[in-house]
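# Chains, contacts and geometry: an overview
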Amino acid sequence: MLDLMLAPIAAGLVILAIHSYLGLHVIARGVIFVDLAFAQIAALGTTVGLMVGVEHGTPMSMGFSLGFTLLGALAFSFSRLDDTVVPQEAIIGITYVVASAAVVLIAGFTAEGAEHVAETMTGTLIWVTWPQIGRMALVYATLGVFYFVFRRRFEALSLHDDSVHKARLWDFLFYVTFGIVISFSVAIAGVLMVFSALVIPAVVAFLFTSRFLRALLLAWAVGTVALVAGVLASFTLDVATGPLLVCTFGLMLVVALFVRWGTGIRPGSKLSV
Amino acid sequence: MRLLIAVMVTGWITGYGEGAPTPVSQDLREPVRVVTTLPVYADIVRKIGGSGVEVSSIAAPNEDSHFVRPKPSFAVRIRRAEMFVTTGLDLELWVPTLLDRAGNSSVAEGGRGYVTAYTGVDLLDIPTAVDRSGGDVHVFGNPHLITDPIRTIQVARNITVGLKRIAPDRSSLWDAGLESFTAEIHRRLFGETLIELLGGDLLADLALNGTLHSFLETEEWQGSPLIQELGGWLGVAEAFRGRDIICYHKNWAYLEDRFGVRCVDYVEAKPGIPPTPGHVADLLQEMSSQGLDVILAASYFDQRKVESVARRGGATVVVVPMNPGGKEGVDDYFSLVDYWVNGLAGVLSRPNG
């Protein structure tokens, strides 16, 4: 039983490590739903692949989802609009809705499409295999090194929003790498779980601190507790792992809000490194 | 001991041994632990193994067998299992992943405890060209084997072979279970009278090679054709033999083959692909021009869709479970077939048109 739990927990930790970090950026930038949009674009890629005869889970199918994600990254890095009241979140929301509708539409032409759509939401974290985890960890480690080396650039981009024009390239790089991360995690954990791992630990962390590094450590800690508790509960109660994990992450937020209220911690709204 | 009682009680609830000689066993050896993909296979295992097996199924009775919602206990149960029963075709698409995760090599594909239901079954709908864009074309043939009771006997034989491989010391128990299951299917399919006159095996052979009806119509007994003595499910099915109906999904190839009813079209545009507006329009046209007024659907599909098509086409819907436990009163394989046959006979009393 214990060794059956190890793979989902390991996969969850690998996902958490990089998603919590990206989550801090996403919240600092105020583009919370960019992950949902990317997830749907990636799903659209695999669905289009499925329609032209590329089976699920093959490298070719991954290629489709990455290709679509790249296009999405281009779109997002150029959708920081100047001289308008339209926020970027609007463009992201529109992308999400249109990509979702397109997935449902295209899935209608393939067998069992509806179930395919449902599976992209909740994922199949408990069926994850060690080779899958290995591949994902390799990709994430590479990107982690990249983020670490260029951390000043990315932090400057997310924390101070005044040099937009010079930032297109780094903006694009941020979205491209983000899209790659999402393509891997959504295939394993599903849209809902990925969104939770990204946003909830980061939100909890920012409730208590406005310093980036401290927030990152706090997010990792919170995420790990929620993940391990969620997987344990899923095995003890014998309920679907993906949806239960999302609820566990939500519960962590509620607990954190009580703690914040009880302790009276107010970190302020000015972010710093 | 508590386990043994639980197994016996479950067996009793699901009608185990009903009307058939119960294999008597004073056996206090550990029951063979069996996991099956579908509830219907679990029921057959229970009917063969009685208190000698401890069996559970992965899919719920009203779940679409192509997809199940993954729960942690699935892998745990398969890990503990000595025998695993699956269709073996591309019906339960989740089986390879699950077996992979459970890591129990003795029930993995090719292992001692891995049993495929389809082995030795005469398959229908084997596609000539394989292309998934034509819907979930099952590349090896139609996997919904158990809609034909005679093919189900072959499924039971495969299960028996598996049990003998796992627990050869109890072979006589498994053989007795198979024998009583087979006899019960024969009795319920052909009726007592024909069984006494000709024997179940001969009748089953005739039915399998498609000559049962011509034989019964030409042979006489006490001055009248034998066909008048046809009882059981086939006797009931005389009411709808040769009738055309609409089906929701391509589940019924083997039922059509056995009971002589024909699915002329499907509510799904292609197998597994939900109805599109254009297809529904064509279907309604076809229903009115050919006088098709019955739609047969398995209970795991969205019934509102089926009913809306039926209402517009002035047709009656027969919604039936695909597994024991799928409906109140349908507790085992025998009552499942009862439900199919009686359901169709209930609405197909009038001729087409």
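Scoring rules and cut-offs
- Once a new chain begins, its residue numbering starts again from 1 and follows that chain's sequence as written.
- The naming scheme follows written order: chains are lettered A onward, ligands numbered 1 onward.
- Per-residue local features are limited, in this predicted model, to residues with pLDDT of at least 70; the limit for side-chain atom pairs, both in listing and counting, is 80 or more; totals at the level of whole chains, interfaces and linings are taken over all residues.
- Based on all heavy atoms of the structure, the side-chain values leave hydrogens and waters out of the count.
- Secondary structure counts use DSSP, requiring at least four H or I residues in a row for a helix and at least two E residues in a row for a strand, with both numbered from the N terminus.
- Only protein chains enter the area calculation, which uses a 1.4 Å probe; residues under 20% of their type maximum are buried, those over 50% are exposed, and those in between are partly exposed.
- Contact definition: two residues touch when any of their heavy atoms are within 4.5 Å.
- Accessible surface area values rest on a Shrake-Rupley calculation with a 1.4 Å probe, where residue burial reflects the displayed protein chains alone.
- Here pLDDT means the predictor's own confidence in every residue, given as a number from 0 to 100.
- Think of it this way: DSSP has to see at least two bridges between two strands before they count as a pair.
- For helices, the axis comes from a line fit to the C-alpha atoms of the stretch in contact; other axes are also lines fit to C-alpha atoms, and the angle between any two N-to-C directions lies between 0 and 180 degrees.
- In a helix, the anticipated span is given by 1.5 Å times the number of residues less one.
- Take the seven residues that end at a residue and the seven that start at it, fit an axis to each, and the angle between those axes is the bend at that residue.
- Note on terms: buried area is the combined drop in 1.4 Å-probe accessible area of two parts once they are placed together, counting the loss on both.
- N or O atoms closer than or at 3.5 Å make up a polar contact, with two conditions inside protein: a donor-capable atom paired with an acceptor-capable one, and, for residues adjacent in sequence, both atoms drawn from side chains.
- Residues were grouped as follows: Ala, Val, Leu, Ile, Met, Phe, Trp, Tyr, Cys and Pro as nonpolar; Asp, Glu, Lys and Arg as charged; and all remaining residues, including Gly, as polar.
- By definition, a salt bridge exists where a carboxyl oxygen of Asp or Glu is found within 4 Å of a side-chain nitrogen of Lys or Arg.
- We define the nonpolar core as a collection of buried residues of types Ala, Val, Leu, Ile, Met, Phe, Trp, Tyr and Cys that are connected through side-chain atoms lying within 4.5 Å of one another.
- Only residues whose relative accessible area exceeds 30% and that form no salt bridge are eligible for patches; like-charged ones are grouped when within 9 Å, while nonpolar side chains (Val, Leu, Ile, Met, Phe, Trp, Tyr) are grouped when within 5 Å.
- Whenever a pair of cysteine sulfur atoms sits within 2.5 Å, that pair is classed as a disulfide.
- For the handedness criterion, the strands are oriented away from the viewer, and a crossover whose path from the first strand over the helix to the second runs clockwise is classed as right-handed.
- Working rule for angles: under 35 degrees goes down as roughly parallel, over 145 as roughly antiparallel, 65 to 115 as roughly perpendicular, anything else as oblique.
- Each crossing gets its hand from how the near helix is turned against the far one by less than a right angle, where anticlockwise is left-handed and clockwise is right-handed.
- Note on ring pairs: Phe, Tyr and Trp rings are taken, using the six-membered ring of Trp, and paired if centres are within 6.5 Å. Classes follow the plane angle, with under 30 degrees stacked, over 60 edge-to-face and the rest tilted.
- We call a charge positioned over a ring when the NZ of a Lys or the CZ of an Arg lies within 6 Å of the ring centre and within 35 degrees of the ring normal.

### A few points about the overall build of chain B
Counting its regular elements, chain B contains 14 helices and ten strands. Taking all 353 residues of chain B together, the buried fraction comes to 54%. For chain B, the share of sequence-separated contacts (at least 6 apart) that also reach a separation of at least 24 residues comes to 62%. With the model as given, the accessible surface of chain B reaches about 14,900 Å², and the carbon-plus-sulfur share is 52%.

### Concerning the confidence of the model for chain B
When pLDDT is averaged along chain B, the result is 87; 88% of the residues meet or exceed 70. The ipTM, which scores confidence in the relative placement of chains, is 0.71 for this predicted complex, and the corresponding pTM is 0.81.

### Describing the sheet that holds strand 8 (residues 262-266) of chain B
Strand pairing in a sheet is mediated by backbone hydrogen bonds. Such pairs are either parallel or antiparallel. Residue and element names in this part refer to chain B. Here we have four strands laid out as an open sheet, ordered 8-7-9-10, and parallel in their pairing. Since the sheet does not close on itself, it has two edges, and those belong to strand 8 and strand 10 (316-320), each with one partner. Averaged over all pairs of adjacent strands, the angle between strand axes in this sheet comes to 35°, irrespective of strand direction. Sheet topology note: the strand 7 (residues 244-247)/strand 9 (residues 294-298) ladder contains two bridges and is parallel.

### Comments concerning the environment of Leu253 of chain A
Within the element layout of this structure, Leu253 of chain A appears in helix 11 (residues 241-263). Once you skip the residues sitting within four places of it in the chain, Leu253 of chain A turns out to touch Ile200, Val203, Val204 and Leu207 of chain A.

### As for helix 1 (residues 2-29) of chain A
If you check helix 1 of chain A, its first and last C-alpha atoms are 39 Å apart, about what 28 residues at 1.5 Å a residue would give, namely 40 Å. Its maximal kink placed at Leu16 of chain A, helix 1 of chain A deviates by approximately 30°.

### So, the interface of chain A and chain B
Accessible area lost upon the coming together of the parts is a frequently used measure of interface size. Between chain A and chain B, the contact holds 24 residues from the first and 22 residues from the second. In this assembly, chain A packs against chain B so that about 2,000 Å² is buried in total across both faces, 62% of it on carbon and sulfur atoms. Taken together, the connections running from chain A to chain B amount to four residue pairs in polar contact (both at pLDDT 80 or more). Where the side of chain A that touches chain B is concerned, the elements lending two or more residues are helix 1, helix 5 (113-122) and helix 10 (212-237) of chain A. Sorting elements by how many residues they give to the side of chain A that touches chain B places helix 1 of chain A first, with four residues. In terms of residue class, the side of chain A that touches chain B is made up of twelve nonpolar, six polar and six charged.

### Remarks on unusual backbone geometry
For Asp238 of chain A, which is not a glycine, the phi torsion comes out positive at approximately 55°. For Asp238 of chain A, the location among the structural elements is in the loop between helix 10 and helix 11. Non-glycine residue Asp125 of chain B carries a positive phi angle of around 60°. If you trace the backbone, Asp125 of chain B turns up in the loop between strand 4 (114-116) and helix 5 (149-166). On the accessibility criterion, Asp125 of chain B (36% relative accessible area) is partly exposed.

### Structural notes on the pattern of salt bridges
Residues and elements named next belong to chain B. Considering all chains together, one arrives at 18 salt bridges over all chains under this definition. The salt bridge involving Arg29 is made with Asp169; its shortest N-O contact spans 2.7 Å. Of this pair, Arg29 sits in the loop between helix 1 (2-13) and strand 1 (32-36) while Asp169 sits in the loop between helix 5 and helix 6 (171-190), placing them 140 residues apart in sequence. In this structure Arg29 comes out as partly exposed when scored by relative accessible area, which is 39%.

### With respect to the nonpolar core
If you look at the biggest cluster of nonpolar residues, it comprises 185 residues, and the most contacted ones within it are Ile159, Phe190, Trp252 and Phe259 of chain B. Non-local contacts of Ile159 of chain B, meaning those with residues more than four positions away in its chain, are made with Tyr41, Ile44, Val45, Ile48, Met83, Val85 and Val115 of chain B.

### Here's the deal with the sheet that holds strand 3 (residues 83-86) of chain B
Residues and elements named next belong to chain B. Ordered in space as 2-1-3-4, the four strands form an open sheet in which the pairing is parallel. Either end of the sheet is taken by a strand with one partner, and the two such strands are strand 2 (53-57) and strand 4. On average, adjacent strands in this sheet sit at an angle of 20° to one another, irrespective of strand direction. Two strands pair when backbone bridges link them, and strand 1 and strand 2 are joined in this way by five bridges, in the parallel orientation. What sits directly across from Val32, in strand 2, is Val53. Where helix 2 (residues 39-49) meets the sheet, its contacts fall on strand 1, strand 2 and strand 3, and the angle it forms with strand 2 comes to roughly 170°. Strands in contact with helix 5 are strand 1, strand 2, strand 3 and strand 4; relative to strand 4, the strand with the most contacts, it is inclined by about 165°.

### Digging into a nonpolar patch on the surface
A surface patch of nonpolar side chains, about 430 Å² in accessible area, is lined by Met51, Val52, Leu105 and Phe109 of chain A. Using a relative accessible area of 55% as the deciding quantity, one classes Val52 of chain A as exposed.

### Some words on the state of the cysteines
Residues and elements named next belong to chain B. Applying the stated rule across the entire model yields one disulfide over all chains. Disulfide pairing places Cys247 opposite Cys263 at an S-S distance of 1.9 Å. Its S-S torsion of approximately -60° makes the covalent link between Cys247 and Cys263 left-handed. Separated by 16 residues along the polypeptide, Cys247 in strand 7 and Cys263 in strand 8 bring together distant segments of the chain. The exposure classification of Cys247 matches that of Cys263, with both residues buried.

### Description of the pairing of strand 3 of chain B
Residues and elements named next belong to chain B. Residues Met83 and Val85 of strand 3 are buried on one face, and the alternating residues Phe84 and Thr86, pointing to the opposite face, are buried as well. Pairing geometry for strand 1 and strand 3, over three bridges, is parallel. Directly across from Thr36, in strand 3, lies its bridge partner Val85. Bridging between strand 3 and strand 4 involves three bridges; their strand directions are parallel. Paired with Val85 across the strands is Val115, a residue of strand 4. Chirality of the crossover, the property in question, places the unit of strand 3, helix 4 (residues 95-102) and strand 4 among those that are right-handed.

### Remarks on the packing of helix 2 (residues 34-51) of chain A against helix 4 (residues 88-107) of chain A
All names here are of chain A. Contact geometry for helix 2 and helix 4: axes closest at 8 Å, N-to-C directions at 25°. With respect to each other, helix 2 and helix 4 are oriented roughly parallel. For the pair helix 2 and helix 4, the sense of crossing is left-handed. Facing helix 2, whose interface residues are Val34, Leu36, Ala37, Gln40, Ile41, Ala43, Leu44, Thr47, Val48 and Met51, helix 4 presents Ile92, Thr95, Tyr96, Ala99, Ser100, Ala102, Val103, Ile106 and Ala107. Taken together, the residues of the contact of helix 2 with helix 4 break down into 15 nonpolar, four polar and no charged.

### Thoughts on the packing of aromatic side chains
All names here are of chain A. In the structure shown here, the tally under the stated rule is 19 aromatic pairs over all chains. Summarising the aromatic geometry, the rings of Phe76 and Tyr175 are spaced 5.8 Å apart at their centres and angled 55° between planes, so their arrangement reads as tilted. Taken as a pair, Phe76 in helix 3 (residues 59-77) and Tyr175 in helix 8 (residues 168-189) lie far apart in primary sequence, 99 residues in all. By the burial criterion, Phe76 is buried, and Tyr175 matches it. Here the aromatic residues Tyr21, Phe38, Phe76, Phe146, Tyr147, Phe150, Phe154, Trp170, Phe174, Tyr175, Phe178 and Phe212 are joined through ring pairs into a cluster of three or more. Between Arg29 and the ring centre of Phe174, over which it is positioned, the NZ or CZ distance is 4.1 Å. A cation sits over an aromatic face here: Arg29 above Tyr175, 5.6 Å from the ring centre.

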